[in-house]
Amino acid sequence: MRIVVLIKQVPDTTEVRIDRETNTLIREGVPSIINPFDMYALEEGLRMREAAGEGTVTVMSMGPPQVEDALREALAIGVDEAVLLSDRAFAGSDTWSTSYTLAAGIRKLGDADVILCGKQAIDGDTAQVGPGVARLLGIPQVAYVKKITLDGDSCTAERMMEDGHDVLRIPLPALFTVVKDINEPRLPSLKGKMRAKKAEITVWGEGDLDVDPEELGLDGSPTRVMKIFAPELKAGGVVFEGEVGETVPRLVEELLPVLRGEAQ
Amino acid sequence: MSCFLTEEQQMLKDLCAQIAREKILPVREELDESGEFPWEIVKVFAESDICGVYIPEEYGGFGGGAMEMCVATEELSRVCGGISLAFAATALGTYPILLFGSDEQKKKYLPAIAAGEKLAAFALTEANAGSDAGAIETTAVLDGDEYVLNGTKQWITNGGEAETYTVVARTKKGVGIRGISCLIVEKDTPGFTFGKKENKMGIRASATRELIFQDCRVPKANLLGREGMGFMVAMKTFDHSRPGVAAQAVGIAQGALDEAVKYARHREQFGQPVASFQGLQFMLADMATQVEAARALVHQAARVVDSGEKNLAKISAMAKLFASDVAMSVTTDAVQVLGGYGYMKEYPVEKMMRDAKITQIYEGTNQIQRAVIASQVIKESAAKEKRGE
């Protein structure tokens with residue numbers, strides 16, 4: 001069984017500050033960490049391998065060379081191998097071209113049975129890359145998963161919903177994005193850290209992947225950032241105080257003209 | 001300051017800091033209150049390969065020495081000096097085997113300790129034998145292939161929780177410390193039971209208990225070294241373990257200093273952070289300087305131990321003495337810096353102050369440390385004179 005975990009290196013947002021002039025993150029001096037949600041994906045991958053008693057867990061990420069640090073951290077907690085997709089051509093990717101590049105990496109790796117991601121990254125918060133990769137690979141995906149039970153060629157996944165959870169049965173290979181409820185990530189071990197320090201990390205660039213150059217990096221990214229700004233604070237709204245029997249009619253009276261389009 | 005650590009030691013330090021921050025911090029207050037033994041954390045130590053850092057690789061350890069033991073102990077103690085003892089007191093119980101065990105004994109007992117499957121404890125103190133360790137009354141009488149143990153050990157750290165005990169007992173009467181021996185006793189040996197669990201001022205997440213031996217039969221093969229070597233086993237064990245107590249003290253002091261500085265920066269009185277007042281700044285400066293000096297001495301002691309030097313008594317006692325006095329002073333000052341808040345259990349410094357106190361008392365009171373240091377200094381001078389220097 002081959003399990004692939006996609007991770008992202010992100011700034012530790014507990015330490016991040018915002019430049020009030022440009023409304024962008026001040027990255028200088030901010031430590032980088034593995035996206036916290038991805039830690040749950042890594043843990044789930046390791047647990048799947050341990051439960052199956054066989055298989056490999058491969059961690060993959062796309063980014064600049066310093067993402068190696070994040071991959072070594074994943075190796076230290078017990079992942080078998082690490083692949084970094086790194087090339088100047090990948091720079092400036094939005095979620096579309098990131099998904100495209102990662103999907104190409106997974107295809108080159110071959111035979112992935114399970115692909116795991118965190119539900120979203122804490123810097124961009126888009127939650128798009130995981131599902132995007134699944135779409136590009138043409139495999140089923142379930143997002144916001146809190147439990148996965150493997151059963152031969154298929155599996156059962158519990159998906160968190162606002163009012164409970166769905167139980168879904170889907171065939172493998174499949175991609176899952178996981179939520180925090182799924183497990184408790186382990187800490188690295190000393191032996192793991194030693195092994196990670198010496199481990200070879202596979203680096204693939206544009207030339208190693210079967211990709212269309214026009215889909216890569218900034219040029220391949222349809223997203224255009226026009227402006228970054230902090231939204232204005234909205235006023236606190238109106239509070240109706242008093243007995244229910246008295247406040248509800250008042251509320252209706254005030255709302256009706258708004259609903260009819262007669263007032264704002 | 002982490003200069004002069006090897007890359008591996010730095011890695012160990014980072015890992016222990018992570019364990020302390022992510023696993024120990026969330027439970028330390030609760031375990032201090034309940035006095036419950038931190039088995040969940042011991043499991044984390046085991047999974048992270050921490051338990052065997054000072055044990056040779058051939059017995060399943062990481063192959064480090066005193067420095068590794070001290071680095072780990074300090075980082076863990078920084079957050080909780082009680083929980084860290086599950087690790088540090090196991091080292092104390094393991095040193096007699098490491099230093100005096102036969103290859104067979106090492107093969108039998110060390111791998112499980114290195115893997116974190118079993119904890120160890122060292123049992124010397126008795127009701128009437130504390131600083132005067134030679135006065136122990138527990139007896140071990142050879143009967144065929146077995147020693148028959150009788151007596152009660154008191155205040156044994158990890159007592160009841162550990163599986164492997166190194167127990168000091170009298171094998172011959174009337175010959176003073178030359179009649180003392182050290183034996184390995186396994187938990188669940190018939191005749192070996194536990195007395196009351198102590199209700200302590202500090203290090204409350206650590207178990208301190210009586211060991212009771214009533215006609216407890218231990219195989220002769222469990223004797224460490226030879227008969228009559230027990231007192232030396234105990235003293236050499238302390239030479240190796242005292243830097244660990246010192247590291248625990250430095251960790252507690254550093255933790256209290258961190259809390260004090262953080263509080264002083266945020267607490268405002270008279271319209272400004274209290275850290276802006278020189279009276280308080282000078283306290284923080286003295287605390288920080290003491291901690292740094294104590295750490296330097298602990299690292300020096302650990303390096304001397306790891307160098308293979310034979311005479312360790314003086315440097316080990318110095319490290320333990322100095323670092324524990326620093327811990328008491330720094331934690332007391334930390335409570336002062338936090339004022340009324342420092343006295344409350346909502347803030348961790350009162351616990352650190354309670355935890356610090358024991359480091360001046362156990363593994364030899366600081367009065368005993370001074371006696372050890374003085375006797376070494378005087379001996380060295382006399383030896384010099386004899387050589388005509």
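Residues numbered from 1 in each chain as written. Chains lettered and ligands numbered in written order. Predicted model: local features only at pLDDT ≥ 70, side-chain atom pairs only at ≥ 80, totals over all residues.

Here we come to the overall build of chain A. A tally of helices and strands in chain A yields six helices and 13 strands. Put simply, chain A has 264 residues, and 38% of those count as buried. Intrachain contacts of chain A at a sequence separation of at least 6 include 69% that bridge at least 24 residues. (Helix = DSSP H or I, 4+ residues; strand = E, 2+ residues; numbered from the N terminus. Buried ≥ 20, exposed ≤ 12 C-beta atoms within 10 Å, placed from the backbone. Contact = placed C-beta atoms within 7 Å.)

Looking only at helices and strands, chain B features 11 helices and 10 strands. Relative to the globule expectation of 21 Å for 389 residues, the C-alpha radius of gyration of chain B, 21 Å, shows essentially globular dimensions. Counting across all 389 residues of chain B, residues that qualify as buried make up 51%. Looking at chain B alone, contacts between residues at least 24 apart form 75% of all its contacts between residues at least 6 apart. (Rg over C-alpha atoms; globule rule 2.2 N^0.38 Å.)

All names here are of chain A. Positionally, D80 belongs in the loop between α2 (68-76) and β7 (81-85). Judged by C-beta crowding, with 17 C-beta atoms within 10 Å, D80 ranks as partly exposed. Considering only alpha carbons, one finds D80 and M62, 18 residues apart in sequence, at a separation of 18 Å. Apart from the residues within four sequence positions on either side, D80 is in contact with T56, V57 and T58.

What follows is about the packing of helix α7 (residues 230-266) of chain B against helix α10 (residues 349-359) of chain B. Residue and element names in this part refer to chain B. Where α7 meets α10, the axes come as close as 10 Å, and the angle between the chain directions of the two elements is 160°. What the angle tells us is that α7 and α10 run roughly antiparallel. As for the relative orientation of α7 and α10, their crossing is left-handed in sense. Between α7, through V245, Q248, A249, I252, G255, A256, E259 and A260, and α10, the contact on the second element is made entirely by V349, M352, D355, A356 and T359. Broken down by class, the residue content of the contact of α7 with α10 amounts to eight nonpolar, three polar and two charged. (Axes fitted to C-alpha atoms, helices over the stretch in contact; angles between N-to-C directions. Parallel < 35°, antiparallel > 145°, perpendicular 65-115°, else oblique. Left-handed = near helix turned anticlockwise from the far one by under 90°. Nonpolar A, V, L, I, M, F, W, Y, C, P; charged D, E, K, R; others polar.)

What follows covers the interface of chain A and chain B. On the chain B side, the residues contacting the seven residues of chain A number 12 residues. Of the residues assigned to the side of chain A that touches chain B, the class counts are three nonpolar, one polar and three charged.

The next point concerns α2(A). Within α2(A), seven of the nine residues are buried, leaving the element largely enclosed by the surrounding structure. Along α2(A), the residues that are buried comprise A70(A), L71(A), R72(A), E73(A), A74(A), L75(A) and A76(A).

All names here are of chain A. Burial analysis of β7 places four of its five residues in the buried class, which makes it a mostly covered element. Relative to β7, strand β6 (residues 56-62) runs parallel, the two sharing five bridges. When the bridges of β7 are listed, T58 appears paired with E81. Handedness of the crossover is the feature at issue here: the chain leaves β6, passes through α2, returns alongside β7, and the resulting connection is right-handed. (Pairing = 2+ DSSP bridges. Right-handed = clockwise from strand over helix to strand, strands pointing away.)

Turning next to the nonpolar core. The tendency in soluble globular proteins is for nonpolar side chains to be buried side by side. If you look at the biggest cluster of nonpolar residues, it comprises 121 residues, and the most contacted ones within it are L183(B), A249(B), A253(B), V298(B) and A323(B). Non-local contacts of L183(B), meaning those with residues more than four positions away in its chain, are made with A140(B), Y147(B), V167(B), A169(B), V218(B), N222(B), L223(B) and L224(B). Formed by 61 residues, the second largest nonpolar core is a distinct cluster that contains M39(A), L71(A), F90(A) and A157(A). (Core = buried A, V, L, I, M, F, W, Y, C linked by C-beta atoms within 7 Å.)

On to the sheet that holds strand β11 (residues 164-171) of chain A. Residue and element names in this part refer to chain A. Pairing is mixed across the open sheet formed by nine strands, whose spatial order is β11-β10-β9-β12-β8-β1-β6-β7-β13. What marks the edges here is a single partner per strand, and that holds for β11 and β13 (202-204). Mean inter-strand twist for the sheet, computed between neighbouring axes without regard to direction, equals 30°.

Let us now look at unusual backbone geometry. P173(A) follows L172(A) through a cis peptide bond whose omega is 0°. Mapped onto the secondary structure, P173(A) falls in the loop between β11 and β12 (174-178). Even without being glycine, D111(A) reaches a positive phi, approximately 55°. As for its placement among the helices and strands, D111(A) is situated in the loop between α3 (95-109) and β8 (114-118). Taking the C-beta count within 10 Å as the criterion, D111(A) has 9 such neighbours and is therefore assigned exposed. The phi dihedral of F270(B) falls on the positive side, at around 55°, and the residue is not glycine. You can call F270(B) exposed: it has 8 C-beta atoms within 10 Å.

Once that is clear, we can look at the domain arrangement of chain B. Residues and elements named next belong to chain B. When cut into domains, chain B gives domain 1 (7-119), domain 2 (121-228) and domain 3 (231-382). Relative placement of domain 1 and domain 2: their C-alpha centres are 22 Å apart. Opposite the 25 residues of domain 1 that make contact, domain 2 presents 20 residues. Elements with a minimum of two residues in the side of domain 1 that touches domain 2: α2 (28-34), α5 (85-100) and α6 (103-114). The element that contributes the greatest number of residues to the side of domain 1 that touches domain 2 is α5, accounting for nine residues. Of the residues that constitute the side of domain 1 that touches domain 2, the class distribution is 15 nonpolar, seven polar and three charged. (Domains from an automatic or database assignment.)

All right, on to the packing of helix α9 (residues 313-343) of chain B against α10(B) then. All names here are of chain B. In the contact formed by α9 and α10, the axes pass within 8 Å of each other and the chain directions differ by 160°. Considering their axes alone, α9 and α10 lie roughly antiparallel with respect to each other. Where α9 crosses over α10, the handedness of that crossing is left-handed. In this structure, α9 contributes S324, A327, M328, T331, T332, A334, V335, L338, G342 and Y343 to the contact, and α10 contributes V349, E350, M352, M353, A356, K357 and T359. Looking at the contact of α9 with α10 residue by residue, the classes come out as 10 nonpolar, five polar and two charged.

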